[in-house]
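# Descriptive structure summary
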Amino acid sequence: MSGSRAWHVITGEYPPQIGGVSDYTYSVVKGLAAEREEVHVWCPLASHTAVKCPGVTVHSELGQASGTDLRNLDQALERFPGPRQILVEWVPHAFGFRSMNVRFCLWLWRRVARCGDHVDLMVHEPFLSFGEGSWRQDAVAVVHRFMTMVLLRAASRVWVSIPSWERLWRPYTLGRKVPFQWLPIPSNIAVAEDPAGVRALRKQYAPEGELIIGNFGMYGPTVERTWGPILSALEARPFPGRLLLIGTGSEECRNMIARKAPSLSSRVCATGPLAAAELSCHLSACDLFVQPYPDGVSSRRTSFMAGLSHGKPIVTTSGPATEPLWAESGAVVLVPRGVPGAFVDSFERLCADEQERLRMGNAARRLYQERFDLRHVIARLRQVENRETTCAY
(Lines give C-alpha, C1' and ligand atoms only; values in the text may rest on other atoms or scores of the structure.)
Protein backbone atom coordinates (compact mmCIF):
# COMPACT_ATOMS: atom_id res chain seq x y z
CA MET A 1 0.00 0.00 0.00
CA SER A 2 1.05 3.64 -0.44
CA GLY A 3 1.54 4.24 3.28
CA SER A 4 -1.12 6.98 3.51
CA ARG A 5 -4.40 6.66 5.31
CA ALA A 6 -6.99 4.27 3.92
CA TRP A 7 -9.78 5.74 1.82
CA HIS A 8 -13.30 5.24 3.21
CA VAL A 9 -15.74 6.02 0.40
CA ILE A 10 -19.38 6.42 1.44
CA THR A 11 -21.90 6.18 -1.38
CA GLY A 12 -25.60 5.57 -1.80
CA GLU A 13 -25.03 3.75 -5.11
CA TYR A 14 -22.54 1.08 -6.09
CA PRO A 15 -22.51 -1.58 -8.84
CA PRO A 16 -24.49 -3.63 -9.67
CA GLN A 17 -26.85 -0.73 -8.90
CA ILE A 18 -27.44 1.31 -12.06
CA GLY A 19 -26.73 5.02 -12.02
CA GLY A 20 -24.20 7.71 -12.74
CA VAL A 21 -22.96 7.91 -9.14
CA SER A 22 -22.61 4.13 -9.05
CA ASP A 23 -20.48 4.09 -12.21
CA TYR A 24 -18.41 7.06 -11.08
CA THR A 25 -17.71 5.61 -7.63
CA TYR A 26 -16.60 2.31 -9.11
CA SER A 27 -14.24 4.08 -11.52
CA VAL A 28 -12.71 6.18 -8.75
CA VAL A 29 -12.16 3.36 -6.26
CA LYS A 30 -10.76 1.17 -9.01
CA GLY A 31 -8.36 3.97 -9.94
CA LEU A 32 -7.29 4.52 -6.33
CA ALA A 33 -6.72 0.80 -5.83
CA ALA A 34 -4.62 0.68 -9.00
CA GLU A 35 -2.32 3.21 -7.30
CA ARG A 36 -1.95 0.79 -4.37
CA GLU A 37 -4.19 2.82 -2.08
CA GLU A 38 -6.17 0.95 0.59
CA VAL A 39 -9.83 1.48 -0.32
CA HIS A 40 -13.02 0.65 1.58
CA VAL A 41 -16.49 1.30 0.16
CA TRP A 42 -19.44 1.74 2.52
CA CYS A 43 -22.74 1.35 0.69
CA PRO A 44 -26.28 -0.10 1.03
CA LEU A 45 -25.46 -3.35 -0.77
CA ALA A 46 -24.63 -6.62 0.89
CA SER A 47 -20.90 -7.05 0.32
CA HIS A 48 -21.35 -10.39 -1.47
CA THR A 49 -23.60 -8.84 -4.14
CA ALA A 50 -21.32 -5.90 -4.97
CA VAL A 51 -19.22 -5.96 -8.13
CA LYS A 52 -15.73 -7.14 -7.22
CA CYS A 53 -12.71 -4.93 -7.78
CA PRO A 54 -9.14 -5.95 -6.86
CA GLY A 55 -7.88 -3.98 -3.90
CA VAL A 56 -11.31 -2.66 -2.89
CA THR A 57 -13.22 -3.95 0.15
CA VAL A 58 -16.97 -3.38 0.12
CA HIS A 59 -18.91 -3.07 3.40
CA SER A 60 -22.69 -3.05 3.82
CA GLU A 61 -22.96 -1.26 7.18
CA LEU A 62 -24.33 1.92 5.59
CA GLY A 63 -27.60 0.09 4.96
CA GLN A 64 -30.39 2.64 4.60
CA ALA A 65 -28.45 5.22 6.67
CA SER A 66 -30.94 4.89 9.52
CA GLY A 67 -29.98 5.58 13.13
CA THR A 68 -29.19 1.90 13.72
CA ASP A 69 -27.22 1.68 10.47
CA LEU A 70 -25.14 4.73 11.36
CA ARG A 71 -24.34 3.31 14.80
CA ASN A 72 -23.20 0.10 13.10
CA LEU A 73 -21.13 2.17 10.68
CA ASP A 74 -19.55 4.02 13.61
CA GLN A 75 -18.48 0.74 15.18
CA ALA A 76 -17.12 -0.58 11.87
CA LEU A 77 -15.08 2.56 11.21
CA GLU A 78 -13.60 2.46 14.69
CA ARG A 79 -11.80 -0.73 13.72
CA PHE A 80 -9.54 1.39 11.49
CA PRO A 81 -6.84 3.72 12.81
CA GLY A 82 -7.79 7.37 12.97
CA PRO A 83 -8.10 9.95 11.81
CA ARG A 84 -9.94 8.34 8.92
CA GLN A 85 -10.06 9.75 5.37
CA ILE A 86 -13.77 9.78 4.38
CA LEU A 87 -14.93 10.65 0.87
CA VAL A 88 -18.70 11.07 0.53
CA GLU A 89 -20.29 10.81 -2.92
CA TRP A 90 -23.04 13.34 -2.28
CA VAL A 91 -26.45 13.29 -3.93
CA PRO A 92 -29.32 14.25 -1.56
CA HIS A 93 -31.66 11.49 -2.73
CA ALA A 94 -29.01 8.75 -2.43
CA PHE A 95 -29.28 8.39 1.35
CA GLY A 96 -32.98 7.67 1.74
CA PHE A 97 -35.59 9.37 3.93
CA ARG A 98 -37.17 10.97 0.84
CA SER A 99 -33.85 12.77 0.23
CA MET A 100 -34.07 14.46 3.64
CA ASN A 101 -31.64 12.41 5.71
CA VAL A 102 -30.62 15.14 8.15
CA ARG A 103 -29.43 12.44 10.56
CA PHE A 104 -26.75 11.31 8.11
CA CYS A 105 -25.41 14.87 7.78
CA LEU A 106 -25.32 15.32 11.56
CA TRP A 107 -23.57 11.97 11.86
CA LEU A 108 -20.77 13.18 9.56
CA TRP A 109 -20.41 16.36 11.60
CA ARG A 110 -20.13 14.31 14.79
CA ARG A 111 -17.49 12.05 13.21
CA VAL A 112 -15.33 15.10 12.62
CA ALA A 113 -15.94 16.65 16.04
CA ARG A 114 -15.60 13.44 18.07
CA CYS A 115 -13.11 11.37 16.08
CA GLY A 116 -11.16 13.98 14.13
CA ASP A 117 -11.94 12.27 10.84
CA HIS A 118 -11.18 14.10 7.61
CA VAL A 119 -14.31 14.43 5.41
CA ASP A 120 -14.24 15.32 1.71
CA LEU A 121 -17.52 15.80 -0.16
CA MET A 122 -17.91 15.08 -3.86
CA VAL A 123 -21.02 17.02 -4.88
CA HIS A 124 -22.76 15.39 -7.83
CA GLU A 125 -26.07 17.19 -7.21
CA PRO A 126 -26.41 20.16 -4.81
CA PHE A 127 -30.08 20.46 -3.80
CA LEU A 128 -33.56 20.92 -5.23
CA SER A 129 -34.43 24.32 -6.66
CA PHE A 130 -37.30 26.49 -5.49
CA GLY A 131 -40.31 27.21 -7.66
CA GLU A 132 -40.02 24.22 -9.98
CA GLY A 133 -42.78 22.08 -8.51
CA SER A 134 -45.28 21.86 -5.69
CA TRP A 135 -45.02 23.43 -2.24
CA ARG A 136 -43.84 20.01 -1.03
CA GLN A 137 -40.82 20.24 -3.31
CA ASP A 138 -40.10 23.72 -1.95
CA ALA A 139 -40.27 22.32 1.58
CA VAL A 140 -37.76 19.60 0.64
CA ALA A 141 -35.55 22.29 -0.91
CA VAL A 142 -35.48 24.09 2.47
CA VAL A 143 -34.40 20.88 4.22
CA HIS A 144 -31.71 20.32 1.57
CA ARG A 145 -30.21 23.72 2.35
CA PHE A 146 -30.11 22.97 6.06
CA MET A 147 -28.40 19.68 5.24
CA THR A 148 -25.90 21.59 3.11
CA MET A 149 -25.02 23.86 6.03
CA VAL A 150 -24.42 20.86 8.28
CA LEU A 151 -22.32 19.10 5.65
CA LEU A 152 -20.19 22.21 5.19
CA ARG A 153 -19.52 22.31 8.93
CA ALA A 154 -18.12 18.78 8.61
CA ALA A 155 -16.21 19.12 5.33
CA SER A 156 -12.48 19.69 5.08
CA ARG A 157 -12.81 20.03 1.31
CA VAL A 158 -15.60 20.12 -1.26
CA TRP A 159 -15.14 18.69 -4.73
CA VAL A 160 -17.76 19.73 -7.29
CA SER A 161 -18.70 17.97 -10.51
CA ILE A 162 -19.25 21.34 -12.25
CA PRO A 163 -18.11 24.84 -11.21
CA SER A 164 -21.71 26.06 -10.85
CA TRP A 165 -22.19 23.90 -7.76
CA GLU A 166 -19.58 25.98 -5.91
CA ARG A 167 -21.57 29.13 -6.63
CA LEU A 168 -24.70 27.50 -5.21
CA TRP A 169 -23.05 25.97 -2.13
CA ARG A 170 -20.56 28.62 -1.05
CA PRO A 171 -23.15 30.94 0.63
CA TYR A 172 -24.00 28.05 2.98
CA THR A 173 -20.46 27.92 4.40
CA LEU A 174 -21.65 30.88 6.54
CA GLY A 175 -18.20 32.39 6.36
CA ARG A 176 -16.29 29.19 7.19
CA LYS A 177 -13.21 28.81 4.97
CA VAL A 178 -13.85 25.59 3.07
CA PRO A 179 -11.79 24.94 -0.09
CA PHE A 180 -13.79 24.09 -3.19
CA GLN A 181 -12.25 22.43 -6.22
CA TRP A 182 -13.65 21.30 -9.56
CA LEU A 183 -13.29 17.54 -10.10
CA PRO A 184 -14.82 16.79 -13.52
CA ILE A 185 -16.69 13.56 -14.13
CA PRO A 186 -14.82 11.32 -16.60
CA SER A 187 -16.51 8.99 -19.05
CA ASN A 188 -17.54 5.69 -17.48
CA ILE A 189 -17.26 3.87 -20.83
CA ALA A 190 -13.75 2.65 -21.60
CA VAL A 191 -12.81 2.84 -25.28
CA ALA A 192 -12.82 -0.71 -26.70
CA GLU A 193 -10.35 -1.38 -29.49
CA ASP A 194 -12.45 -3.55 -31.83
CA PRO A 195 -12.22 -2.32 -35.45
CA ALA A 196 -13.90 -5.46 -36.81
CA GLY A 197 -16.80 -5.06 -34.43
CA VAL A 198 -17.19 -1.40 -35.40
CA ARG A 199 -17.19 -2.26 -39.11
CA ALA A 200 -19.88 -4.89 -38.54
CA LEU A 201 -22.07 -2.37 -36.71
CA ARG A 202 -21.67 0.21 -39.46
CA LYS A 203 -22.74 -2.37 -42.03
CA GLN A 204 -25.71 -3.33 -39.83
CA TYR A 205 -27.02 0.19 -39.23
CA ALA A 206 -25.92 1.93 -42.45
CA PRO A 207 -25.75 -0.73 -45.17
CA GLU A 208 -25.52 1.89 -47.92
CA GLY A 209 -22.72 3.83 -46.25
CA GLU A 210 -24.95 6.54 -44.77
CA LEU A 211 -23.79 8.73 -41.92
CA ILE A 212 -24.60 7.33 -38.49
CA ILE A 213 -25.72 10.10 -36.15
CA GLY A 214 -25.61 8.93 -32.55
CA ASN A 215 -27.46 9.96 -29.45
CA PHE A 216 -26.46 8.37 -26.15
CA GLY A 217 -28.08 8.66 -22.76
CA MET A 218 -30.49 7.43 -20.15
CA TYR A 219 -33.80 8.23 -21.82
CA GLY A 220 -35.90 9.58 -18.96
CA PRO A 221 -39.10 11.59 -18.57
CA THR A 222 -37.67 14.78 -20.14
CA VAL A 223 -36.82 13.14 -23.47
CA GLU A 224 -40.06 14.16 -25.21
CA ARG A 225 -39.73 17.77 -24.06
CA THR A 226 -36.11 17.87 -25.21
CA TRP A 227 -36.58 16.18 -28.58
CA GLY A 228 -40.07 17.38 -29.55
CA PRO A 229 -39.12 20.80 -31.02
CA ILE A 230 -36.02 19.37 -32.72
CA LEU A 231 -38.09 16.63 -34.37
CA SER A 232 -40.54 19.22 -35.70
CA ALA A 233 -37.63 21.10 -37.31
CA LEU A 234 -36.09 17.89 -38.68
CA GLU A 235 -39.32 16.70 -40.30
CA ALA A 236 -39.31 19.68 -42.65
CA ARG A 237 -35.90 18.72 -44.10
CA PRO A 238 -34.28 15.67 -45.68
CA PHE A 239 -32.61 13.59 -42.97
CA PRO A 240 -28.92 13.08 -43.89
CA GLY A 241 -28.28 9.66 -42.40
CA ARG A 242 -29.36 7.17 -39.77
CA LEU A 243 -30.14 8.20 -36.20
CA LEU A 244 -28.85 5.62 -33.73
CA LEU A 245 -30.28 5.88 -30.22
CA ILE A 246 -27.93 4.18 -27.75
CA GLY A 247 -28.64 3.07 -24.21
CA THR A 248 -31.32 2.08 -21.74
CA GLY A 249 -34.75 3.39 -22.74
CA SER A 250 -33.73 4.04 -26.35
CA GLU A 251 -36.52 1.80 -27.70
CA GLU A 252 -39.12 3.95 -25.93
CA CYS A 253 -37.49 7.05 -27.40
CA ARG A 254 -37.65 5.50 -30.88
CA ASN A 255 -41.36 4.82 -30.36
CA MET A 256 -41.86 8.44 -29.29
CA ILE A 257 -40.13 9.63 -32.47
CA ALA A 258 -42.36 7.35 -34.55
CA ARG A 259 -45.41 9.04 -32.99
CA LYS A 260 -44.12 12.60 -33.18
CA ALA A 261 -42.30 12.42 -36.54
CA PRO A 262 -43.53 9.38 -38.49
CA SER A 263 -41.63 10.39 -41.64
CA LEU A 264 -38.35 9.88 -39.71
CA SER A 265 -39.21 6.53 -38.15
CA SER A 266 -37.59 4.42 -40.90
CA ARG A 267 -34.30 6.26 -40.32
CA VAL A 268 -34.15 5.66 -36.55
CA CYS A 269 -32.62 2.63 -34.80
CA ALA A 270 -32.38 1.85 -31.07
CA THR A 271 -30.00 -0.46 -29.25
CA GLY A 272 -31.60 -0.87 -25.83
CA PRO A 273 -29.26 -1.55 -22.89
CA LEU A 274 -25.76 -2.71 -23.79
CA ALA A 275 -22.77 -4.17 -21.97
CA ALA A 276 -19.78 -1.83 -21.70
CA ALA A 277 -17.70 -3.27 -24.57
CA GLU A 278 -20.72 -3.35 -26.92
CA LEU A 279 -21.60 0.18 -25.90
CA SER A 280 -18.11 1.43 -26.75
CA CYS A 281 -18.28 -0.23 -30.18
CA HIS A 282 -21.61 1.45 -30.88
CA LEU A 283 -20.20 4.84 -29.87
CA SER A 284 -17.18 4.27 -32.11
CA ALA A 285 -19.44 3.32 -35.05
CA CYS A 286 -21.08 6.76 -35.11
CA ASP A 287 -19.84 9.60 -37.33
CA LEU A 288 -21.07 12.33 -35.01
CA PHE A 289 -23.38 12.85 -32.06
CA VAL A 290 -26.36 15.08 -31.34
CA GLN A 291 -26.75 15.58 -27.58
CA PRO A 292 -29.45 18.15 -26.69
CA TYR A 293 -29.89 18.79 -22.96
CA PRO A 294 -32.84 20.73 -21.52
CA ASP A 295 -30.58 22.75 -19.18
CA GLY A 296 -27.49 22.79 -21.39
CA VAL A 297 -24.39 20.63 -21.52
CA SER A 298 -21.85 20.50 -18.70
CA SER A 299 -18.96 18.25 -17.76
CA ARG A 300 -21.17 16.27 -15.37
CA ARG A 301 -23.04 14.78 -18.37
CA THR A 302 -21.45 11.34 -18.66
CA SER A 303 -23.30 10.69 -21.94
CA PHE A 304 -21.57 13.74 -23.39
CA MET A 305 -18.20 12.79 -21.90
CA ALA A 306 -18.47 9.32 -23.46
CA GLY A 307 -18.73 10.81 -26.94
CA LEU A 308 -15.84 13.15 -26.19
CA SER A 309 -13.61 10.31 -24.94
CA HIS A 310 -14.36 8.35 -28.14
CA GLY A 311 -13.16 11.29 -30.25
CA LYS A 312 -16.51 12.16 -31.80
CA PRO A 313 -17.76 15.56 -33.02
CA ILE A 314 -20.81 16.60 -30.99
CA VAL A 315 -23.61 19.11 -31.52
CA THR A 316 -25.10 20.05 -28.15
CA THR A 317 -26.95 22.80 -26.29
CA SER A 318 -25.60 25.50 -24.01
CA GLY A 319 -27.27 26.67 -20.82
CA PRO A 320 -26.61 28.31 -17.44
CA ALA A 321 -24.37 25.46 -16.19
CA THR A 322 -22.32 25.17 -19.40
CA GLU A 323 -18.63 25.78 -18.69
CA PRO A 324 -16.85 28.41 -20.86
CA LEU A 325 -14.21 25.89 -21.94
CA TRP A 326 -16.60 24.19 -24.38
CA ALA A 327 -16.98 27.33 -26.51
CA GLU A 328 -13.22 27.88 -26.34
CA SER A 329 -12.22 24.29 -27.12
CA GLY A 330 -13.28 23.98 -30.75
CA ALA A 331 -14.21 20.38 -29.92
CA VAL A 332 -18.01 20.75 -29.91
CA VAL A 333 -20.73 22.80 -31.60
CA LEU A 334 -22.76 24.74 -29.03
CA VAL A 335 -26.29 25.94 -29.78
CA PRO A 336 -28.36 27.93 -27.27
CA ARG A 337 -31.05 25.74 -25.72
CA GLY A 338 -34.58 26.39 -26.91
CA VAL A 339 -33.56 27.22 -30.50
CA PRO A 340 -34.38 23.99 -32.39
CA GLY A 341 -33.95 25.52 -35.84
CA ALA A 342 -30.38 26.61 -35.07
CA PHE A 343 -29.66 23.18 -33.60
CA VAL A 344 -30.76 21.46 -36.81
CA ASP A 345 -28.83 23.99 -38.97
CA SER A 346 -25.61 23.25 -37.05
CA PHE A 347 -26.22 19.53 -37.25
CA GLU A 348 -26.77 19.65 -41.02
CA ARG A 349 -23.65 21.75 -41.62
CA LEU A 350 -21.53 19.27 -39.69
CA CYS A 351 -23.05 16.33 -41.57
CA ALA A 352 -22.01 17.98 -44.85
CA ASP A 353 -18.42 18.76 -43.79
CA GLU A 354 -16.27 15.65 -43.42
CA GLN A 355 -13.06 17.62 -42.78
CA GLU A 356 -14.67 19.56 -39.96
CA ARG A 357 -15.94 16.34 -38.41
CA LEU A 358 -12.41 14.94 -38.52
CA ARG A 359 -10.93 18.10 -36.99
CA MET A 360 -13.52 18.21 -34.21
CA GLY A 361 -13.12 14.51 -33.44
CA ASN A 362 -9.36 14.91 -33.00
CA ALA A 363 -9.88 18.00 -30.84
CA ALA A 364 -12.45 16.16 -28.72
CA ARG A 365 -10.12 13.22 -28.07
CA ARG A 366 -7.20 15.51 -27.25
CA LEU A 367 -9.28 17.68 -24.90
CA TYR A 368 -10.59 14.64 -23.06
CA GLN A 369 -7.14 13.15 -22.58
CA GLU A 370 -5.67 16.46 -21.39
CA ARG A 371 -8.47 17.55 -19.03
CA PHE A 372 -10.95 14.82 -18.17
CA ASP A 373 -9.37 11.38 -18.21
CA LEU A 374 -9.77 9.39 -14.97
CA ARG A 375 -6.05 9.59 -14.26
CA HIS A 376 -6.43 13.33 -13.61
CA VAL A 377 -9.21 12.68 -11.05
CA ILE A 378 -7.10 10.11 -9.20
CA ALA A 379 -4.01 12.34 -9.27
CA ARG A 380 -5.91 15.27 -7.75
CA LEU A 381 -7.45 13.18 -5.00
CA ARG A 382 -4.15 11.58 -4.08
CA GLN A 383 -2.19 14.82 -4.27
CA VAL A 384 -4.48 16.59 -1.81
CA GLU A 385 -4.83 13.60 0.51
CA ASN A 386 -1.09 12.87 0.61
CA ARG A 387 -0.22 16.53 1.26
CA GLU A 388 -2.72 16.79 4.12
CA THR A 389 -1.63 13.44 5.57
CA THR A 390 1.97 14.67 5.63
CA CYS A 391 0.90 17.86 7.40
CA ALA A 392 -1.20 15.92 9.92
CA TYR A 393 1.77 13.87 11.05
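Residues numbered from 1 in each chain as written. Predicted model: local features only at pLDDT ≥ 70, side-chain atom pairs only at ≥ 80, totals over all residues. Heavy atoms only, no water.

### Details of the overall build of the protein chain
This is how the line gets drawn: Strands here are runs of E lasting at least two residues and helices are runs of H or I lasting at least four, both read from the DSSP assignment and numbered beginning at the N terminus. The atom set for the radius of gyration is the C-alpha atoms, and the globule formula is 2.2 Å times the number of residues raised to the power 0.38. When a residue's accessible area, from a 1.4 Å probe over protein chains only, is under 20% of the maximum for its type it is buried; when over 50% it is exposed; and in between it is partly exposed. The contact criterion used throughout is that any non-hydrogen atoms of two residues lie within 4.5 Å. Areas reported here follow the Shrake-Rupley algorithm with a probe of radius 1.4 Å; residue values treat only the protein chains shown as occluding. Only four residue types enter the charge count: Lys and Arg as positive, Asp and Glu as negative, with His and the chain ends excluded. Lysine's charge is taken at NZ, arginine's at CZ, aspartate's at CG and glutamate's at CD.
The helix and strand inventory of the protein chain stands at 14 helices and 13 strands. Taking 2.2 N^0.38 as the reference for a compact globule, 393 residues should give roughly 21 Å; the C-alpha atoms of the protein chain span a radius of gyration of 22 Å, in line with that estimate. Counting only C-alpha atoms and orienting by the principal axes, one finds that the protein chain spans roughly 65 × 50 × 40 Å. The 393 residues of the protein chain split such that 54% are buried. When contacts within the protein chain are restricted to residue pairs at least 6 apart in sequence, those whose partners lie at least 24 apart make up 71%. Element-wise, carbon and sulfur atoms account for 54% of the exposed surface of the protein chain, whose accessible area totals about 17300 Å². Seen as two clouds, the 44 positive and the 38 negative side-chain charges of the protein chain have centres 4 Å apart.

### Notes on the sheet that holds strand β1 (residues 7-11)
Backbone-to-backbone hydrogen bonds pair the strands of a sheet. The strands run either parallel or antiparallel. Under the convention used in this document: For two strands to be treated as a pair, DSSP must find at least two bridges joining them. Interaxial angle, 0 to 180 degrees, is taken between N-to-C directions of lines fitted to C-alpha atoms, where a helix line uses only the stretch in contact.
The parallel open sheet is built from seven strands, whose spatial order is β3-β2-β1-β4-β5-β6-β7. One side of each edge strand has no neighbouring strand; the edge strands of this open sheet are β3 (56-59) and β7 (180-182). Averaged over all neighbouring strand pairs, the angle between strand axes comes to 20°, with direction disregarded. Examined bridge by bridge, strand β6 (residues 157-160) and β7 share three bridges and lie parallel to one another. By the bridge assignment, Val 158 is partnered in β7 with Phe 180.

### Examining empty space enclosed by the protein
We count it as follows: Lining residues are those with an atom within 4 Å of a point, where the points come from a 1 Å grid over the protein atoms alone and group into cavities, where a 1.4 Å probe fits but cannot get out, or pockets, open sets with protein on both sides within 12 Å along at least five of seven lines. Grid points are joined across faces, edges and corners, and a volume is the space filled by probe spheres set on the points. Each residue is assigned to one of three groups, with Ala, Val, Leu, Ile, Met, Phe, Trp, Tyr, Cys and Pro labelled nonpolar, Asp, Glu, Lys and Arg labelled charged, and all others, Gly among them, labelled polar.
Summed over the entire model, instances satisfying the criterion amount to two cavities of 30 Å³ or more. Volume-wise, the largest cavity comes out at about 50 Å³. The wall of the largest cavity is formed by Trp 227, Ile 230, Leu 234, Phe 239, Leu 243, Val 290, Phe 343, Val 344 and Phe 347. Breaking the lining of the largest cavity down by element, the ones donating at least two residues are α7 (223-235) and α12 (340-351). Here the lining of the largest cavity is built from residues that sort into nine nonpolar, no polar and no charged. Empty space within the second largest cavity amounts to approximately 40 Å³. For the lining of the second largest cavity, the secondary structure elements donating two or more residues are α13 (354-372) and α14 (374-392). The element that contributes the greatest number of residues to the lining of the second largest cavity is α14, accounting for three residues. Residue classes in the lining of the second largest cavity are distributed as four nonpolar, one polar and three charged.

### Quick look at the sheet that holds strand β12 (residues 314-318)
If you walk across this open sheet you meet the six strands as β10-β9-β8-β11-β12-β13, and the pairing is parallel. Unpaired on one side and paired on the other, β10 (268-270) and β13 (332-336) mark the two borders of the sheet. Going across the sheet, the axis of each strand differs from the next one's by a mean of 30°, ignoring polarity. Running over the sheet, helix α9 (residues 276-285) touches β8 (211-216), β9 (241-246) and β11 (288-291) and is turned about 155° from β9.

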